[in-house]
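Here is how the chains run, residue by residue.
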Amino acid sequence: MAASRMSVAVVLVLSVLLAGASHAGPEMDPYKVLGVTRSASQAEIKKVYKRLAKEWHPDKNKNPGAEDMFIKITKSYEILSSEDKRANYDRYGQTDDTQPYGGARYGHRHDSFYFDESFNSFPFNSKHHRDFADNKYTLHFNQYVNDVVPDSYKRPYLIKITSDWCFSCIHIEPVWKEVGAGGRLANHLGAHRTPSILGVINGKVTFFHYAVAKEHLRQFVEDLLPQRLVEWVTDKNDLQFLSSWHELNKPHVLLFDQVPEVPLLYKLTAFVYKDYLQFGYVDQGLSETANLQKEFNINTYAPTMLVFKENIDKPADIIQAKGMKKQIIDEFMSNNRFLLVPRLVNQKLFDELCPVKQFHRRRKYCVLLITGDEETFTLGNHAFLSFASTITKEVVRFAYVYQRLQRPLCDVFTQSKDSAESSVVILERRNAAGKALFKPVTGWNGSEEDKRRLLEELERLQKDPSILVHDAVLPELNNEFASMFAIRWIYASYDYLSEVIDDILHNNWREMMPLLSLIFSALFILFGTVVIQAFSDSSEDVQTKPKAKDGSKAENGSPETGSASSRPPKKSFVEVTELTDITYMSNLVKLRPGHMNIVLVLTDASKNILLSKFAKEVYSFTGSLTLHFSFLNMDKHGEWMFTLLEYAQDATQIDADEDDGGNRKADYTGYVLALNGHKKYLCLFKPVYTGEDPDGKSSEDEGRSRSLSTLQIHHKLDRLGLWMERLMEGTLHRYYIPTWPGLDKITPGK
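Scoring rules and cut-offs
Residues numbered from 1 in each chain as written. Predicted model: local features only at pLDDT ≥ 70, side-chain atom pairs only at ≥ 80, totals over all residues. Heavy atoms only, no water. Helix = DSSP H or I, 4+ residues; strand = E, 2+ residues; numbered from the N terminus. Areas by Shrake-Rupley, 256 points an atom, 1.4 Å probe, with all protein chains shown as cover. Patch = residues over 30% accessible without salt bridge, like charges linked within 9 Å, V, L, I, M, F, W, Y side chains within 5 Å. Salt bridge = Lys/Arg side-chain N within 4 Å of Asp/Glu carboxyl O. Lys, Arg positive; Asp, Glu negative; His and termini not counted. Charge placed at Lys NZ, Arg CZ, Asp CG, Glu CD. Core = buried A, V, L, I, M, F, W, Y, C linked by side-chain atoms within 4.5 Å. Buried < 20%, exposed > 50% of the residue type's maximum accessible area, 1.4 Å probe, protein only. Pairing = 2+ DSSP bridges. Contact = heavy atoms within 4.5 Å. Axes fitted to C-alpha atoms, helices over the stretch in contact; angles between N-to-C directions. Phe/Tyr/Trp six-rings, centres within 6.5 Å; stacked < 30°, edge-to-face > 60°. Lys NZ or Arg CZ within 6 Å of the ring centre and 35° of its normal. Right-handed = clockwise from strand over helix to strand, strands pointing away.

The name an unreviewed UniProt entry gives the protein chain is J domain-containing protein, with Gasterosteus aculeatus aculeatus as the organism.

Structure representation (structure tokens):
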């Protein structure tokens with residue numbers, strides 16, 4: 001039997017799910033049915049009920065409507081005789097025993113602000129009861145990727161996964177039809193069974209795990225929305241909330257209503273306009289909001305929405321009605337997306353405030369104040385705002401920019417990188433590539449003369465657009481809110497972790513297997529890498545760790561074992577320092593136990609040649625942690641060298657050339673000393689020439705002689721590598737000394 005074909009139906013969340021059927025009639029008023037006041041006592045209610053029950057009992061009253069009236073009387077008495085039900089009705093207008101998911105949060109006011117429209121089918125608005133498995137209402141893979149995912153950053157989506165032979169899908173179809181409307185897409189979404197319902201928001205997919213009921217679906221949509229969309233506002237934090245317009249560069253919206261929870265439609269609206277407006281909610285049932293209600297003269301019988309811009313003492317716009325339709329709310333928000341004079345903080349805002357000219361009749365001009373954020377500019381900025389509030393022309397938009405934060409843009413207009421005063425520019429954008437026409441109007445300090453000149457220019461512009469005589473290509477604006485990315489990332493991470501925990505607790509384990517497999521694979525790789533690295537490091541430490549006590553070393557006193565000499569060098573060069581009066585103490589006298597300093601003896605004339613050869617010979621030993629490399633200049637510190645050899649116990653074994661007069665005149669160029677500062681001994685390398693012998697050939701000219709001399713110096717260190725091997729093995733002879741020569745010997749004479 002062929003596998004059944006999966007189909008996907010999608011619903012766009014435009015408001016909230018209905019708590020009752022959309023065609024239900026208005027709720028009855030139990031007080032009116034019984035004919036009592038809201039302050040009636042239980043005794044009065046009981047007395048009236050008995051009288052009306054006798055009067056309208058179907059057995060005694062033959063009126064055709066007696067039975068319905070009797071049911072209403074009984075139902076009304078059940079509500080008003082119970083303190084909880086009566087309080088619930090007084091607060092929410094709730095008369096039905098059926099409570100919404102999560103408690104009595106939403107009243108059954110079907111024509112009110114809360115339950116305007118439920119869902120619209122995607123991609124068509126269904127006005128007839130169609131089969132949602134019909135291809136006309138099926139969501140395909142390309143449609144999901146190209147349309148649904150990008151749009152999910154503005155509004156959440158509900159998607160239903162069905163198949164041809166899904167009998168359980170029949171049970172959820174009535175509920176699905178009340179709330180709204182291939183196989184490749186189902187696999188892409190991770191839906192392995194039918195029926196499945198999932199939500200898509202901000203490009204993320206979340207599965208619905210509860211019984212398919214309208215209340216559960218509504219709560220599911222509410223849980224999809226990010227946290228902190230709406231801020232709770234009371235008398236204590238209202239000033240802080242409204243005063244943040246300057247920092248956030250957004251108008252602020254306040255909803256006043258009597259329900260203890262933020263309405264879902266308001267949250268959905270906040271999600272759609274989160275980039276433009278800041279949303280707050282005031283619960284009129286709280287005593288902590290009494291001053292706010294009194295200050296703005298709020299009507300307690302209908303939801304009221306206020307928009308505040310630069311003036312936090314007076315709302316810029318207001319809407320108040322029991323039957324707020326979604327279309328009215330969208331229009332209200334869209335008309336108040338921007339401050340009266342917003343600050344240009346990024347390119348997106350610039351594109352919306354100052355759009356590119358499309359047609360002659362759709363010209364949009366921007367009056368831009370280039371100013372600063374220091375206190376000296378405050379009066380001028382306020383004067384610009386006051387001037388903008390008097391201009392009602394729709395073709396003119398006002399904005400300001402901080403020169404310090406938008407330096408590239410301001411330099412185009414001001415032609416100077418530092419300006420001590422504000423200035424005003426009128427501009428018109430011509431294309432998306434950044435071309436714009438503009439005219440600098442005047443310096444701006446907020447005086448009446450400045451306002452008059454700006455007003456004259458605007459009147460001239462209306463008659464003759466050609467006054468914008470300058471043109472330029474505007475650079476892209478810096479994003480001043482980029483520093484808030486870290487905070488947004490933390491919030492997004494928190495929401496994501498919450499979703500993961502919820503999935504672990506409630507999700508189908510089959511759906512969670514890919515995620516769990518990825519997590520455990522990553523942990524295994526990480527753990528394995530750490531363990532291998534730990535064992536590797538420990539083995540190296542055992543080989544290289546210097547021994548704590550000198551007595552524990554081998555008798556030959558080798559600073560390292562022979563295997564240590566084969567350690568690969570850790571650097572691509574040899575670090576050689578000069579042994580002077582400054583480095584004398586650290587590089588020799590106070591050298592740590594087990595460490596040795598390898599010192600090359602040279603002169604100014606042979607320095608470059610010998611150092612190059614020395615580096616090549618000892619490079620393979622630079623991996624040792626106990627060897628240090630230095631050089632001693634005989635031209636500066638020859639006296640110290642002579643004194644050191646005199647101190648040596650076996651000085652007679654050290655060759656010294658003597659002249660005919662018997663005076664000691666030795667040439668130590670090319671000698672290498674291995675100095676153990678702690679044990680006070682040295683090992684000596686005496687150069688052995690292995691190259692061409694200049695005495696064996698005739699030298700006919702002085703240039704030939706100098707060339708051979710240079711060659712001989714180069715070959716002095718030919719066997720240094722073999723000597724270093726013996727040094728590491730500990731087989732070299734040691735010359736012990738009673739003490740190291742003093743600092744007066746190492747310091748060059750003056």
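Caption draft 1: Quick look at the overall build of the protein chain. A count of helices and strands for the protein chain gives 25 helices and 21 strands. For the protein chain, the exposed area adds up to about 40800 Å²; of that, 52% sits on carbon and sulfur atoms.

Caption draft 2: How the structure looks around a positive patch on the surface. A contiguous patch of positive charge on the surface is contributed by Lys46, Lys50, Lys54 and Lys60. Looking at the element boundaries, Lys50 is found in helix α2 (residues 42–56).

Caption draft 3: Region of the structure containing the nonpolar core. Core analysis: the largest hydrophobic core is formed by 57 residues, its most contacted members being Val230, Val253, Tyr266, Phe279, Met305, Met333 and Phe413. Element by element, the count of residues in this core is highest for helix α11 (residues 264–272), at 6 residues. Formed by 24 residues, the second largest nonpolar core is a distinct cluster that contains Val574, Leu602, Phe631 and Leu732.

Caption draft 4: Highlighting the sheet that holds strand β16 (residues 576–578). Pairing in this open sheet of 6 strands is mixed, and the strands run β16-β18-β17-β19-β20-β21 from one edge to the other. Each edge of the sheet is formed by a strand with only one pairing partner; in this case those strands are β16 and β21 (735–736). In this sheet, strand β18 (residues 627–633) lies alongside β16 in parallel orientation, the contact comprising 3 bridges. Among the inter-strand pairings, Thr577 is bridged to a residue of β18, identified as Ser630. Lying on the sheet, helix α21 (residues 607–618) is in contact with β16, β17 (596–602), β18 and β19 (672–676); it crosses β17 at an angle near 150°. In the packing of helix α22 (residues 634–647) onto the sheet, the strands contacted are β16, β17, β18, β19, β20 (681–685) and β21, and the crossing angle to β18 comes to about 115°.

Caption draft 5: Seen up close, the pattern of salt bridges. This structure, assessed with the given rule, holds 17 salt bridges. A salt bridge links Lys451 to Glu448; the nearest nitrogen and oxygen atoms lie 3.9 Å apart. Of this pair, Lys451 and Glu448 both sit in helix α17 (residues 448–463), 3 residues apart, roughly one helical turn. Classification of Lys451 as buried rests on a relative accessible area of 18%. Given the relative accessible area of 60%, Glu448 is considered exposed. Here Arg453 and Asp450 are joined by a salt bridge, their closest N and O atoms 2.8 Å apart.

Caption draft 6: Structural context of the environment of Gln403. Among the secondary structure elements, Gln403 is positioned in the loop between β12 (396–402) and α16 (407–414). Each C-alpha atom of the pair Gln403 and Thr371 lies 5.9 Å from the other, and the pair is 32 residues apart in sequence.

Caption draft 7: Structural detail: the packing of aromatic side chains. A full pass over the atoms with the stated rule returns 17 aromatic pairs. For the ring pair Tyr584 and Trp640, a centre distance of 6.3 Å and an interplane angle of 85° mean the geometry is edge-to-face. Note that Tyr584 is positioned in helix α20 (residues 584–589) and Trp640 in helix α22, a separation of 56 residues in sequence. Per residue, the accessibility class of Tyr584 equals that of Trp640, and both read buried. Considering the side-chain rings of Phe642 and Tyr668, the 5.7 Å spacing of their centres and the 55° angle between planes classify their relative orientation as tilted. With Phe642 in helix α22 and Tyr668 in the loop between α22 and β19, this pair connects stretches of sequence that are 26 residues apart. We classify Phe642 as partly exposed; its relative accessible area is 31%. Feature note: the residues Phe384, Phe387, Phe398 and Trp444 constitute an aromatic cluster, connected by ring pairs. Looking at Lys274, its charged tip hangs above the ring of Phe271, at a distance of 4.0 Å from the centre.

Caption draft 8: The arrangement of the sheet that holds strand β9 (residues 304–308) in detail. Taking strand neighbours across the sheet as the criterion, the 5 strands line up as β6-β8-β7-β9-β10 in an open arrangement whose pairing is mixed. Every other strand in the sheet has two partners, leaving β6 (230–232) and β10 (317–320) as the edge strands with one partner each. Ignoring which end each strand starts from, the neighbouring axes of this sheet average 20° apart. With 6 bridges joining them, strand β7 (residues 252–257) and strand β8 (residues 278–283) adopt parallel strand pairing. Along β8, the bridge assignment pairs Asp257 with Asp283. In the packing of α11 onto the sheet, the strands contacted are β6, β7, β8 and β9, and the crossing angle to β8 comes to about 165°.

Caption draft 9: Quick peek at the pairing of β7. Most of β7 sits inside the fold, with 6 of its 6 residues counted as buried. Neither face of β7 is left uncovered, since the one carrying His252, Leu254 and Phe256 and the one carrying Val253, Leu255 and Asp257 both have all their residues buried. Following the backbone out of β7, through α11 and into the adjacent parallel β8, one traces a crossover that is right-handed. Pairing between β7 and β9: 5 bridges, direction antiparallel. If you follow His252 over to β9, its bridge partner there is Phe308.

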